[in-house]
Amino acid sequence: PATVRVVKPEADAMSFERKPPTWPPPPRGVPPPPDARTASWCGWLEALALLHVVCGLAWPLLLVGTTLVDRWLPGIGANRFWCALIGPTIASWGLMLWFIVRHGVRRGQRWAADAGVAAILVWLPLDFALCFAFRYWPGAILDPAVGLLMLGLLLLIRPRLSVD
C-alpha cells in the first residue's frame, strides 16, 4: 500500500501579515539606494554646494554695500561692479552642483559624478592660476582646498555608481 506523507507548512507560510504589493515592478536599470557611506559623502557635497550658493549671494552685497573686502582687493574701487558679478555665477554653479548631487549622484547615476568631476577640472586649475597670478591669496588658498575636497568626494563616490 502507498503511504501518504503530510507536510506541515512552516510558521512563516501561515503568516497573515500583509506584505506590500510588488506591483508595479521597479523599473529596470534602477540602481539600489546608496549605502550609508555614499549617502554621507553626498551630504557633504550637498553642503559644500549650498555653501557656494550662500557665499555667491552674499559676495555682491559685501562688495557693493561695504568696504569689508577692500583690504584683500586693493584698487577695487573702479572695478567693484565687475567683481560683484562673480557672486551670482558662484551661486548658480553651486545650485547646479546641488541638483547634480541630489538628483543624479544620490540616484546612483554615474553621469552626474562625471559631470561634477569635469566641471571642477575645468574650473580649478585656471581659477587657482589666476588667483596666484594676481596675488589674491584668499582665493589661491580657499579655492583649491574646497575644489579638491569636492573632487575627492566625487571620485570616492563615482565607482559605486551605475554606468546606465
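Residues numbered from 1 in each chain as written. Predicted model: local features only at pLDDT ≥ 70, side-chain atom pairs only at ≥ 80, totals over all residues. Heavy atoms only, no water.

Draft legend 1. Seen up close, the packing of helix 4 (residues 110–133) against helix 5 (residues 137–157). Where helix 4 contacts helix 5, the two axes come as close as 9 Å, and the packing angle between them is 165°. What the angle tells us is that helix 4 and helix 5 run roughly antiparallel. Helix-helix and strand crossings are classified by hand; for helix 4 and helix 5 the assignment is left-handed. For the pair helix 4 and helix 5, the contacting residues are Ala113, Gly116, Val117, Ile120, Leu121, Trp123, Leu124, Asp127, Phe128, Cys131 and Phe132 in the first and Trp137, Gly139, Ala140, Asp143, Pro144, Gly147, Leu148, Met150, Leu151, Leu154 and Leu155 in the second. (Axes fitted to C-alpha atoms, helices over the stretch in contact; angles between N-to-C directions. Helix = DSSP H or I, 4+ residues; strand = E, 2+ residues; numbered from the N terminus. Parallel < 35°, antiparallel > 145°, perpendicular 65-115°, else oblique. Left-handed = near helix turned anticlockwise from the far one by under 90°. Contact = heavy atoms within 4.5 Å.)

Draft legend 2. Main features of the side chain of arginine 80. Examined against the element boundaries, arginine 80 turns out to sit in helix 2 (residues 80–84). Overall, arginine 80 belongs to the buried group, its relative accessible area being 17%. Of the polar contacts made by the side chain of arginine 80, one reaches the backbone oxygen of leucine 63; its length is 2.5 Å. (Buried < 20%, exposed > 50% of the residue type's maximum accessible area, 1.4 Å probe, protein only. Polar contact = N/O pair within 3.5 Å; in protein donor to acceptor, adjacent residues only side chain to side chain.)

Draft legend 3. Quick look at the packing of helix 3 (residues 86–105) against helix 4. Relative orientation of the contacting elements helix 3 and helix 4 amounts to 155°, with a least axis distance of 8 Å. In terms of orientation, helix 3 and helix 4 fall into the roughly antiparallel class. You can see that helix 3 and helix 4 cross each other, and the crossing is left-handed. Of helix 4, the residues touching helix 3 (which contributes Trp93, Ile100, Gly104 and Val105) are Trp111, Ala112, Ala113, Ala115 and Ala119. Of the residues that constitute the contact of helix 3 with helix 4, the class distribution is eight nonpolar, one polar and no charged. (Nonpolar A, V, L, I, M, F, W, Y, C, P; charged D, E, K, R; others polar.)

Draft legend 4. View of the pattern of salt bridges. Tallied over the full model, the rule gives four salt bridges. Glutamate 46 is paired through a salt bridge with arginine 106; the nearest N and O atoms lie 2.7 Å apart. Of the two residues, glutamate 46 is situated in helix 1 (residues 36–65) and arginine 106 in the loop between helix 3 and helix 4; the sequence distance between them amounts to 60 residues. The partner of arginine 80 in a salt bridge is aspartate 70, and the shortest N-O contact between them spans 3.1 Å. Here the residue arginine 80 occupies a position in helix 2, and aspartate 70 occupies one in the loop between helix 1 and helix 2, the gap between them amounting to ten residues. Three or more residues joined by partner-sharing salt bridges are found here, namely Glu46, Arg102 and Arg106. (Salt bridge = Lys/Arg side-chain N within 4 Å of Asp/Glu carboxyl O.)

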